[in-house]
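Chain by chain, the residues:
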Amino acid sequence: MSYKNRKSSYFPFILIFVALKVTLNLFAIKNFGFHRDELLHLVLGDHLDWGYKEVPPFIALLAKITLSVFGDSVFAARIFSTLASGLIIWLTGLITVELGGKRFAITVACLALIFSPAFAASGYLFQPVVFDQLWWVLTVWLFCKYLNTADVRYLYWLGAAVGLGMLTKYTMAFFTGSLIIGVLISRERKLLFNRHVLYAALVAIVIFLPNIIWQFVHHLPVITHMKELRETQLDYVHPLDFIEQQLLVNGTALFVWLSGFIALFVSFRLRRFRFMAIAYILIFLFLLEMNGKSYYIFGAYPMLFATGGFALERVLKRKAYLLRSLALVIVVIPNILLLPLVLPILSLQDTVSFIKRKTERLPFLKFIVTWEDQKQHPLTQDYADMLGWDEMARKAADAYHNLTPEQQKNTQLFADNYGEAGALHHYRKIYGLPDVASLNSSFQLWAPDNLNAKYIIYVDDDDNVERRLSPLVGSYKLVGQVQTPLAREHGVRIYLITAPSTKLNEIYRAELAKKRLQ
């Protein structure tokens with residue numbers, strides 16, 4: 001197949017779909033409120049380092065830029081995520097062109113990706129997930145360019161993309177490994193047998209090296225984090241659930257990526273790109289064995305959407321207008337009707353009603369409202385994680401400002417989990433609060449050495465004050481509670497603790513020292 005198909009003339013056409021994706025995100029990104037994880041990632045921007053307990057440093061750099069340039073609103077926090085989502089669409093279109101696809105193939109691939117519930121849900125929040133997907137897709141496109149041109153410059157850009165991907169999310173490691181094995185198994189293995197591949201690998205290592213050093217200096221917290229994640233979340237992920245969710249998360253776009261997956265094995269024109277299908281199988285089996293969450297593999301679907309678009313363009317000839325139109329309708333319309341399940345484009349109350357109707361009529365969708373506690377709720381867990389934070393910070397501020405100026409000088413804030421701590425940190429300037437201490441997640445890295453003030457405003461999500469701390473303090477008083485009914489933090493209590501004993505500080509110091517060694 002001639003390389004002339006891959007001219008830049010398709011660029012403006014692909015940008016139409018990029019604009020559509022960005023516009024769709026703009027309808028949703030300021031709705032509801034900050035997600036629990038977004039609050040943590042924004043805090044990282046105020047504590048720049050080469051690593052953190054749960055993520056590499058790339059998200060922290062973006063947080064710093066966001067807070068410095070765009071401000072601290074919900075809309076501002078999601079600007080980079082929206083841009084990354086647009087770039088993923090752009091690169092998917094470019095991969096389709098590299099395969100030999102033309103306008104219909106690009107249209108199918110991009111629309112499948114835009115309206116896929118999986119990518120609608122993961123493409124607007126300020127989390128490493130969307131940037132991880134971006135590096136995966138960029139990696140595939142760069143290798144396709146190298147495959148088609150034999151230009152070694154793409155290998156060096158590929159090394160840089162892998163290095164930056166590792167600084168974004170460690171899942172980049174097993175995707176890269178799957179791609180390499182996929183190429184080695186395929187007939188294109190000879191392309192890896194040259195010195196430039198080693199030099200490109202060196203580029204990736206050099207970029208990622210600061211985080212490796214940080215991990216060893218801090219006693220490899222990624223291992224502890226993965227162990228905790230497996231014990232608290234991944235052990236509840238059953239292999240059959242993972243398989244079922246892969247068939248559901250892309251909605252009707254299933255037939256696009258499945259067509260692409262099959263075409264990679266049976267199409268003569270796609271034989272050089274068979275490594276994509278092999279890589280998908282390897283990463284799928286790995287996550288199945290590791291009880292991975294369904295979204296861990298999302299970054300592998302854009303390349304299958306691209307191959308699916310190419311395959312459908314070949315099968316549905318140019319004169320088959322009716323069949324081509326029907327294919328686009330199937331890809332777009334049913335998934336549009338599901339969008340409010342995963343993208344907050346409706347009001348909160350309308351979203352609750354919509355979710356109730358859809359899960360009652362389509363019981364197979366109930367996995368969407370099944371949380372980590374394995375129970376079903378009125379909202380998705382992501383939506384519930386966006387509610388109640390402002391109320392919580394405001395009530396903690398009320399408790400603080402009810403103290404005298406002298407008492408405020410001897411007051412500390414403490415929160416049980418990173419979402420609560422992130423909210424108190426984020427809203428501290430608005431409500432005039434001191435900074436918060438917490439031993440959860442990365443907050444332990446910059447937690448104060450002592451919890452020894454005369455007054456402690458304690459945000460308690462697990463009845464710790466009455467059950468554990470009451471014998472260690474002079475007195476405690478419930479001064480607020482999160483009342484937002486649909487919030488995951490509903491019922492969280494805010495206490496004012498007076499005259500904490502030295503024993504409490506000893507326990508705090510011991511827990512802090514233990515966590516810093518993990």
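Model, not experiment: these values are computed from the prediction. (Residues numbered from 1 in each chain as written. Predicted model: local features only at pLDDT ≥ 70, side-chain atom pairs only at ≥ 80, totals over all residues. Heavy atoms only, no water.)

1. Some words on the packing of aromatic side chains
Here is step 1 of the chain: In total, this model carries 29 aromatic pairs according to the counting rule given.
Here is step 2 of the chain: Centroid distance phenylalanine 126 to phenylalanine 131: 6.3 Å. Interplanar angle 80°. Geometry classified as edge-to-face.
Here is step 3 of the chain: Phenylalanine 126 sits in the buried class, given a relative accessible area of 0%.
Here is step 4 of the chain: Overall, the relative accessible area of 4% leaves phenylalanine 131 in the buried class. (Phe/Tyr/Trp six-rings, centres within 6.5 Å; stacked < 30°, edge-to-face > 60°. Buried < 20%, exposed > 50% of the residue type's maximum accessible area, 1.4 Å probe, protein only.)

2. A few points about the state of the cysteines
Here is step 1 of the chain: Taken as a whole and judged by the stated rule, the model has zero disulfides.
Here is step 2 of the chain: Cysteine 144 provides the cysteine sulfur closest to cysteine 110, a residue in no disulfide bond, and the two sulfurs are 14 Å apart.
Here is step 3 of the chain: Judged by relative accessible area, cysteine 110 falls into the buried class, the value being 0%.
Here is step 4 of the chain: On the basis of relative accessibility, which here comes to 0%, the residue cysteine 144 falls in the buried class. (Disulfide = S-S within 2.5 Å.)

3. Things to note about the nonpolar core
Here is step 1 of the chain: Met276, Tyr280, Ile297, Phe305 and Leu424 are the most contacted members of the largest nonpolar core, which totals 154 residues.
Here is step 2 of the chain: Sort the elements by how many residues they give to this core and helix α8 (residues 128–149) lands first, with 14 residues.
Here is step 3 of the chain: Counting residues in each nonpolar core, the second largest holds 16 residues, with Ala437, Ala447, Leu472 and Tyr495 among its members. (Core = buried A, V, L, I, M, F, W, Y, C linked by side-chain atoms within 4.5 Å. Helix = DSSP H or I, 4+ residues; strand = E, 2+ residues; numbered from the N terminus.)

4. What to know about the environment of leucine 517
Here is step 1 of the chain: Here leucine 517 shows up in the segment after α25 (502–516).
Here is step 2 of the chain: With 36 residues separating them along the chain, leucine 517 and glutamine 481 place their C-alpha atoms 34 Å apart.

5. Some words on the sheet that holds strand β5 (residues 493–500)
Here is step 1 of the chain: Spatially, five strands are ordered β2-β1-β3-β5-β4 in an open sheet, and the strand pairing comes out mixed. Each edge of the sheet is formed by a strand with only one pairing partner; in this case those strands are β2 (436–437) and β4 (473–481).
Here is step 2 of the chain: For strand β1 (residues 411–415) and strand β3 (residues 455–460), the ladder comprises five bridges, and the chain directions are parallel. Note on β3: the bridge partner recorded for glutamine 412 is isoleucine 456.
Here is step 3 of the chain: Docked against the sheet, helix α22 (residues 418–426) engages β1, β2 and β3, running at close to 140° with respect to β1. (Pairing = 2+ DSSP bridges. Contact = heavy atoms within 4.5 Å. Axes fitted to C-alpha atoms, helices over the stretch in contact; angles between N-to-C directions.)

6. Re the pattern of salt bridges
Here is step 1 of the chain: For the structure on display, the rule yields 16 salt bridges.
Here is step 2 of the chain: In the salt-bridge network here, residues are joined through shared partners; they are Arg36, Lys293, Glu372, Asp385, Arg488 and Glu489. (Salt bridge = Lys/Arg side-chain N within 4 Å of Asp/Glu carboxyl O.)

7. Concerning the environment of glutamine 215
Here is step 1 of the chain: For glutamine 215, the position within the fold is in helix α11 (residues 195–217).
Here is step 2 of the chain: A relative accessible area of 5% places glutamine 215 in the buried class.
Here is step 3 of the chain: A distance of 3.0 Å separates a polar atom in the side chain of glutamine 215 from a polar atom in the side chain of tyrosine 170.
Here is step 4 of the chain: Within the structure, glutamine 215 has its side chain in polar contact with the backbone nitrogen of valine 222 (distance 3.2 Å). (Polar contact = N/O pair within 3.5 Å; in protein donor to acceptor, adjacent residues only side chain to side chain.)

8. Here we look at the pairing of β3
Here is step 1 of the chain: Of all six residues in β3, six are buried; the element is thus mostly enclosed.
Here is step 2 of the chain: Side chains Tyr455, Ile457 and Val459 of β3 all project onto a buried face; the interleaved residues Ile456, Tyr458 and Asp460 project onto the opposite face, where all are buried too.
Here is step 3 of the chain: Examined bridge by bridge, β3 and β5 share six bridges and lie antiparallel to one another. Looking at β5, one finds that valine 459 is bridged to isoleucine 494.

9. Considerations on the packing of helix α10 (residues 171–185) against helix α15 (residues 275–289)
Here is step 1 of the chain: Axis separation between α10 and α15 bottoms out at 8 Å; the angle between their running directions is 135°. Judged by the angle between their axes, α10 and α15 are oblique. Helix-helix and strand crossings are classified by hand; for α10 and α15 the assignment is right-handed. Touching Phe174, Phe175, Ser178, Leu179, Ile181, Gly182, Val183 and Ile185 of α10 are Phe275, Ile278, Ala279, Leu282, Ile283, Phe286 and Leu287, all from α15.
Here is step 2 of the chain: Taken together, the residues of the contact of α10 with α15 sort by class into 13 nonpolar, two polar and no charged. (Parallel < 35°, antiparallel > 145°, perpendicular 65-115°, else oblique. Left-handed = near helix turned anticlockwise from the far one by under 90°. Nonpolar A, V, L, I, M, F, W, Y, C, P; charged D, E, K, R; others polar.)

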